[in-house]
Amino acid sequence: MDIKLPSGFHLVKRLGEGGQAFVVLAEDTRERTNSAGSPDLVAIKCYSLAYLSEERKQKRVKREIRNLRLLDHPHIIGFRDVLLSETHLCLVLNYASGGALFDVLCAKECLDEKLARWFFQQLILAVDYTHARGITNRDVKPENILLQPLPEGRPPFVLLCDFGLSRFEESGLISRMEGTFGYVAPEQYLGQVRNVEQAKVSEVYSCGVCLFQMLFGLTRWPSGPSADASRRPGQDFFKTIGTWLNSEPKKIELPKTRELSDECVAFLNKLLQPNPKNRITMKEIWDDAWFKEELPPNAENLNAELLARQEQRNTAHGPQNDRDIDALIQIGTRKKGAKLSFISTVLLSCCGQCQERS
Ligand SMILES: Nc1ncnc2c1ncn2[C@@H]1O[C@H](COP(=O)(O)OP(=O)(O)OP(=O)(O)O)[C@@H](O)[C@H]1O
Ligand SMILES: [Mg+2]
């Protein structure tokens with residue numbers, strides 16, 4: 001694998017890959033913190049320094065780091081550090097050893113209603129908390145929902161990850177559609193999500209798609225207005241979306257492949273309403289009969305308590321502040337720049353020699 005990690009980290013294996021970065025499992029040998037005396041395992045998200053040479057991309061990664069540092073929640077992947085290797089900017093994260101929900105759905109196809117609810121409740125806890133902190137993830141999907149196995153055969157913990165597209169409310173208007181086709185809400189296809197408040201409403205829809213996939217499998221979605229979304233949408237698609245966006249509350253057609261409780265069907269209907277005005281709000285989710293069932297007693301107050309505690313102390317966490325991170329990125333990209341200019345000098349001088357010879 002073409003990566004040299006920062007000193008103190010030993011590469012174990014590659015965990016995953018997305019559009020802009022790849023993630024590896026590594027041993028953190030800097031401190032022997034774990035109770036067994038063995039090195040801690042961490043996940044490291046690596047952005048190549050070449051990728052960061054463009055200012056727009058630097059901005060995106062800085063936003064990801066900044067937002068991760070603001071979030072401190074039991075259902076959001078824990079952020080530890082930002083480091084520079086010779087070739088990459090490395091975001092050190094807690095390791096979730098149960099893989100992504102996506103892998104579980106690939107292997108099992110779908111989950112029983114109880115387990116789906118348990119995962120969904122935790123996802124909502126995480127998303128509701130990010131919203132309260134003024135942040136939207138904007139890429140909620142099973143690949144970005146990680147699992148942490150729990151002892152004694154208890155069902156795993158859910159951890160939301162990948163804040164690569166996330167926005168903070170002070171960052172102003174959102175200028176273009178970002179996210180993943182099939183998961184974004186209909187209004188996003190038409191560029192109607194212009195600020196973080198609207199992004200929060202559309203994120204409820206993405207959570208709904210995740211619940212749909214937990215209950216019916218990955219392949220049966222899209223089935224709503226995003227029916228063509230797995231392919232590049234054509235004119236007809238946008239026309240359909242346009243009509244759905246102005247529609248009255250709709251009955252969402254669900255696959256007939258399994259029986260679900262009436263409460264669950266009703267809840268899916270509320271989450272997947274294409275017209276955002278008819279969609280259930282985050283506040284209403286907490287009062288829904290299906291959602292509330294078997295909700296752990298402390299869950300309803302968890303976010304309020306965390307937010308109150310976090311407001312009292314310094315909000316962002318991690319060893320560095322924004323300025324340190326800026327400086328690190330500057331050093332990294334300059335280092336890369338220095339290397340590139342060294343290479344081009346060598347190449348130029350070679351070319352010069354060739355020309356002299358000819
Ligand atoms: N902390 C972690 N623990 C375990 N696995 C992880 C962790 N973080 C990421 N992964 C794995 O790596 C994959 C890619 O990570 P992530 O989604 O953060 O990057 P990405 O999709 O490349 O991001 P971007 O969309 O910003 O380019 C995830 O889907 C998951 O399988
Ligand atoms: Mg991802």
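As the structure is a prediction and not an experimental result, all values here were calculated from the model.

Conventions and cut-offs
Residues numbered from 1 in each chain as written. Chains lettered and ligands numbered in written order. Predicted model: local features only at pLDDT ≥ 70, side-chain atom pairs only at ≥ 80, totals over all residues. Helix = DSSP H or I, 4+ residues; strand = E, 2+ residues; numbered from the N terminus. Buried ≥ 20, exposed ≤ 12 C-beta atoms within 10 Å, placed from the backbone. Contact = placed C-beta atoms within 7 Å. Axes fitted to C-alpha atoms, helices over the stretch in contact; angles between N-to-C directions. Parallel < 35°, antiparallel > 145°, perpendicular 65-115°, else oblique. Left-handed = near helix turned anticlockwise from the far one by under 90°. Nonpolar A, V, L, I, M, F, W, Y, C, P; charged D, E, K, R; others polar. Pairing = 2+ DSSP bridges. Near = placed C-beta within 6 Å. Domains from an automatic or database assignment. Core = buried A, V, L, I, M, F, W, Y, C linked by C-beta atoms within 7 Å. Expected span 1.5 Å × (residues − 1). pLDDT = per-residue confidence, 0-100.

1. Remarks on the overall build of the protein chain
Point 1. Secondary structure assignment for the protein chain yields 11 helices and nine strands.
Point 2. Taking all 358 residues of the protein chain together, 37% fall into the buried category.
Point 3. In the protein chain, once contacts between residues fewer than 6 apart in sequence are set aside, the share between residues at least 24 apart is 68%.

2. What about the packing of helix H3 (residues 113-132) against helix H5 (residues 196-216)?
Point 1. Interaxial distance between H3 and H5 falls to 10 Å at its minimum, and their mutual angle equals 165 degrees. With respect to each other, H3 and H5 are oriented roughly antiparallel. As for the relative orientation of H3 and H5, their crossing is right-handed in sense. Where H3 approaches H5, its residues Ala116, Phe119, Phe120, Leu123, Ile124, Val127 and His131 are matched on the opposing element by Lys200, Glu203, Cys207, Cys210, Leu211, Met214 and Leu215.
Point 2. Partitioning the contact of H3 with H5 into residue classes produces 11 nonpolar, one polar and two charged.

3. Brief notes about the sheet that holds strand E2 (residues 22-28)
Point 1. Spatially, the five strands line up as an open sheet ordered E1-E2-E3-E5-E4, and their pairing is antiparallel. Of all the strands in the sheet, the pair left with one neighbour each is strand E1 (9-17) and strand E4 (79-84). Across this sheet, the average inter-strand angle for adjacent strands is 30 degrees, counted without regard to direction.
Point 2. By the bridge criterion, seven bridges tie E1 to E2 in an arrangement that is antiparallel. Directly across from His10, in E2, lies its bridge partner Glu27.

4. A look at the environment of Lys114
Point 1. Mapped onto the elements of the fold, Lys114 is located in helix H3.
Point 2. A C-alpha to C-alpha distance of 9.2 Å links Lys114 and Glu293, two positions 179 residues apart in sequence.

5. Some details on the site of ligand 1
Point 1. Residues in contact with ligand 1 amount to 22 residues; listed here are only the nearest, Gly16, Gly18, Ala43, Asp162 and Gly164.
Point 2. When residues of the shell around ligand 1 are traced back to their parent elements, those giving at least two are E1, strand E3 (40-48) and strand E5 (88-94).
Point 3. Take the shell around ligand 1: its biggest share by element is three residues, from E1.
Point 4. Split by residue class, the shell around ligand 1 holds 11 nonpolar, seven polar and four charged.
Point 5. Counting contributing residues per domain, the shell around ligand 1 is built from domain 1 (9-95) and domain 2 (101-305), each supplying no fewer than three.

6. Some words on the pairing of E4
Point 1. When E4 meets E5, the two strands line up antiparallel, connected through five bridges. Its bridge partner lying in E5, Asp81 is registered against Val92.
Point 2. The antiparallel hairpin formed by E4 and E5 contains three residues in its connecting segment.

7. Considerations on the nonpolar core
Point 1. With 78 residues, the main nonpolar core has Ile44, Cys90, Leu123, Leu160, Cys207, Leu211 and Met214 as its most contacted residues.
Point 2. Both domains that furnish three or more residues to this core are identified here as domain 1 (9-95) and domain 2 (101-305).
Point 3. Residues contacting Leu123, with those up to four places away along its chain left out, are Ile145, Val158, Leu160, Cys207 and Cys210.

8. Quick look at H3
Point 1. Taking 1.5 Å as the rise per residue, H3 with 20 residues should run 28 Å; its terminal C-alpha atoms sit 28 Å apart, in good agreement.
Point 2. Where burial is concerned, most of H3 is hidden: 16 out of the 20 residues are buried.
Point 3. Two residues or fewer after H3 comes Gly134, characterised by a positive phi angle close to 85 degrees.

9. With respect to unusual backbone geometry
Point 1. At Asp162, a residue that is not glycine, the phi angle is positive and equals roughly 65 degrees.
Point 2. By secondary structure assignment, the location of Asp162 is in the loop between strand E8 (157-160) and strand E9 (167-168).
Point 3. Residue classification places Asp162 among the buried positions, given that 24 C-beta atoms sit within 10 Å.
Point 4. Phi angles above zero are rare outside glycine, and Glu294 is one such case at about 60 degrees.

10. Describing the confidence of the model for the protein chain
Point 1. Chain-level pLDDT for the protein chain is 86 on average; 85% of the residues reach the 70-or-more range.
Point 2. Here residues 223-229 is a poorly scored stretch, pLDDT under 50, and it has 18 contacts once near neighbours within four places are set aside; other chains count.

11. Side note on the environment of Leu190
Point 1. Tracing the backbone through its elements, the reader meets Leu190 in the loop between helix H4 (186-189) and H5.
Point 2. Along the backbone, Leu190 and Ile241 are 51 residues apart, and their C-alpha atoms lie at a distance of 7.9 Å.
Point 3. In this structure Leu190 touches Phe238, Ile241, Gly242 and Leu245, once residues within four positions along its chain are discounted.

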